[in-house]
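# Per-entry structural report
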Amino acid sequence: MATEQTFSILKPDATRRNLTGAVNAVIEEAGLRIVAQKRILMTKAQAETFYAVHRERPFFGELVEFMTSGPVVVQVLEGENAIAKYREVMGATNPANAAEGTIRKKFAQSVGENTVHGSDSPENARIEIAQFFSGNEIVR
């Protein structure tokens with residue numbers, strides 16, 4: 001098994017409801033370490049860059065608006081097979097389809113307000129981490 005890093009965002013619906021600690025507890029209980037974390041207000045430019053892959057989709061504007069509507073918590077998580085493990089811990093995008101015990105089953109309000117984002121590949125994890133963290137902000 002390989003130790004790797006993944007990127008996580010606790011979205012505005014989570015911070016608005018003061019769920020940072022509760023979500024972090026689920027992450028840590030799953031065996032992932034939070035090696036970098038900060039609370040930010042994502043700018044429109046940051047959100048448009050981050051979600052550029054969805055630029056042509058009808059929900060792009062709504063997504064950017066949501067992600068800039070309040071504070072988010074950006075994180076770097078580390079652990080054995082961290083990307084796959086975090087995706088499992090997050091649960092299905094639609095909380096109605098998420099497995100019991102997952103972050104989205106416990107906390108998400110809808111498909112749009114689904115509490116968390118996690119990288120889907122090692123390449124995207126590197127890109128996403130680099131967008132929000134410099135090397136000296138990641139402490140193992």
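Residues numbered from 1 in each chain as written. Predicted model: local features only at pLDDT ≥ 70, side-chain atom pairs only at ≥ 80, totals over all residues. Heavy atoms only, no water.

- In the nomenclature of an unreviewed UniProt entry, the protein is known as Nucleoside diphosphate kinase of Enterovirga aerilata.
- As recorded by UniProt, the Sequence similarities (unreviewed entry) comment attached to the protein reads in full: "Belongs to the NDK family." (UniProt positions renumbered as here; feature names shortened; annotations may be inferred.)

### What to know about the overall build of the protein
- When helices and strands are tallied, the protein shows 7 helices and 4 strands.
- Counting from the amino terminus, the protein carries its helices and strands in the arrangement β-α-α-β-α-α-β-α-α-β-α.
- The C-alpha atoms of the protein give 14 Å as radius of gyration, which agrees with the globular expectation for 140 residues (14 Å, within 12%).
- Once the C-alpha set of the protein is aligned to its principal axes, its extents read approximately 40 × 35 × 25 Å.
- Evaluated residue by residue, the protein yields a buried proportion of 46% over its 140 residues.
- Expressed as a percentage of contacts within the protein between residues at least 6 apart in sequence, the contacts between residues at least 24 apart total 77%.
- Counting every atom, the protein has about 7200 Å² of accessible surface; 49% of that belongs to carbon and sulfur.
- For the protein, the distance from the average site of its 16 positive side-chain charges to the average site of its 17 negative ones is 2 Å. (Helix = DSSP H or I, 4+ residues; strand = E, 2+ residues; numbered from the N terminus. Rg over C-alpha atoms; globule rule 2.2 N^0.38 Å. Buried < 20%, exposed > 50% of the residue type's maximum accessible area, 1.4 Å probe, protein only. Contact = heavy atoms within 4.5 Å. Areas by Shrake-Rupley, 256 points an atom, 1.4 Å probe, with all protein chains shown as cover. Lys, Arg positive; Asp, Glu negative; His and termini not counted. Charge placed at Lys NZ, Arg CZ, Asp CG, Glu CD.)

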